[in-house]
Amino acid sequence: MLKLKFRSKLEKTVADKLKKLKRKFEYETERFDYVLPSRKYLIDFKVGATYLEVKGYLDYDDRLKMLAVKEAYPDMDICFVLMKPNQRLPRQKMTETN
């Protein structure tokens with residue numbers, strides 16, 4: 001098996017947990033176009049039909065990017081793995097409601 005190089009310690013931790021759970025996964029194997037011009041989204045992990053995006057912190061630009069990706073791919077199952085899931089930006093709504 002190839003040794004993977006991760007972009008963050010948190011991504012490495014998630015990979016180690018997936019291995020421990022004996023879950024097959026792919027790391028950064030797929031790219032998706034989204035609405036912002038000349039931009040591509042590189043997903044962190046693919047576990048079955050679910051995509052995991054690992055973030056230490058979800059800043060405003062990341063939030064806009066993910067909203068654009070979700071608009072472009074509304075049926076894509078994207079789950080966030082956040083290091084500090086309760087941390088919020090001031091005056092930012094973190095979930096969409098319908």
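Check the entry above for the structure.
Residues numbered from 1 in each chain as written. Predicted model: local features only at pLDDT ≥ 70, side-chain atom pairs only at ≥ 80, totals over all residues. Heavy atoms only, no water.

### Section: the pairing of strand β6 (residues 77-82)
Item 1. Looking at chain direction, strand β5 (residues 50-55) and β6 are connected through 6 bridges and run parallel. Along β6, the bridge assignment pairs Thr50 with Asp77.
Item 2. Handedness of the β-α-β unit built from β5, helix α2 (residues 60-72) and β6 comes out right-handed. (Pairing = 2+ DSSP bridges. Helix = DSSP H or I, 4+ residues; strand = E, 2+ residues; numbered from the N terminus. Right-handed = clockwise from strand over helix to strand, strands pointing away.)

### Some remarks on a nonpolar patch on the surface
Item 1. Together, Tyr60, Leu64 and Leu67 line one region of the surface with nonpolar side chains, adding up to about 250 Å² of accessible area.
Item 2. Assignment of secondary structure puts Leu64 in helix α2. (Patch = residues over 30% accessible without salt bridge, like charges linked within 9 Å, V, L, I, M, F, W, Y side chains within 5 Å. Areas by Shrake-Rupley, 256 points an atom, 1.4 Å probe, with all protein chains shown as cover. Salt bridge = Lys/Arg side-chain N within 4 Å of Asp/Glu carboxyl O.)

### Overview of the side chain of Glu28
Item 1. Here Glu28 shows up in the loop between β1 (26-27) and β2 (31-33).
Item 2. Of note is the side chain of Glu28, whose polar atom sits 2.7 Å from the side chain of Arg7.
Item 3. A distance of 3.3 Å separates a polar atom in the side chain of Glu28 from a polar atom in the side chain of Tyr27.
Item 4. Among all residues touching Glu28, those that are not within four sequence positions of it are Arg7, Glu11, Leu42, Ile43 and Asp44. (Polar contact = N/O pair within 3.5 Å; in protein donor to acceptor, adjacent residues only side chain to side chain. Contact = heavy atoms within 4.5 Å.)

### Examining the sheet that holds strand β4 (residues 45-47)
Item 1. Pairing is mixed across the open sheet formed by 4 strands, whose spatial order is β1-β4-β5-β6. Across the chains shown, the open sheet's two edge strands, defined by having one partner strand only, are β1 and β6.
Item 2. In the sheet, β4 pairs with β5 via 3 bridges, with the strands oriented antiparallel. When the sheet's bridge partners are listed, Val47 is paired in β5 with Thr50.
Item 3. With respect to the sheet, helix α1 (residues 9-20) is in contact with β1, β4, β5 and β6, its orientation differing from that of β5 by roughly 140°. (Axes fitted to C-alpha atoms, helices over the stretch in contact; angles between N-to-C directions.)

### Considering the environment of Tyr27
Item 1. Considering the arrangement of structural elements, one finds Tyr27 in strand β1.
Item 2. Take Tyr27: its relative accessible area is 9%, and that puts it in the buried class.
Item 3. Distance from Tyr27 to Lys5, taken between C-alpha atoms, is 9.3 Å for residues 22 residues apart in sequence. (Buried < 20%, exposed > 50% of the residue type's maximum accessible area, 1.4 Å probe, protein only.)

### Notes on unusual backbone geometry
Item 1. The residue Lys22 is not glycine, and still its phi comes out positive at about 60°.
Item 2. Along the chain, Lys22 turns up in the loop between α1 and β1.

### Comments concerning the pattern of salt bridges
For side chains of opposite charge, pairing can occur when their charged atoms come near one another.
Item 1. Evaluation of the coordinates by the stated rule reveals 5 salt bridges.
Item 2. For Glu53, the salt bridge goes to Lys55, with nearest N and O atoms at 3.5 Å. For the pair Glu53 and Lys55, one class covers both residues: buried.
Item 3. The salt bridge involving Lys55 is made with Asp62; its shortest N-O contact spans 3.5 Å.
Item 4. When its relative accessible area of 12% is taken as the criterion, Lys55 is described as buried.
Item 5. Taking the relative accessible area as the measure of exposure, Asp62 reaches 14% and is therefore buried.

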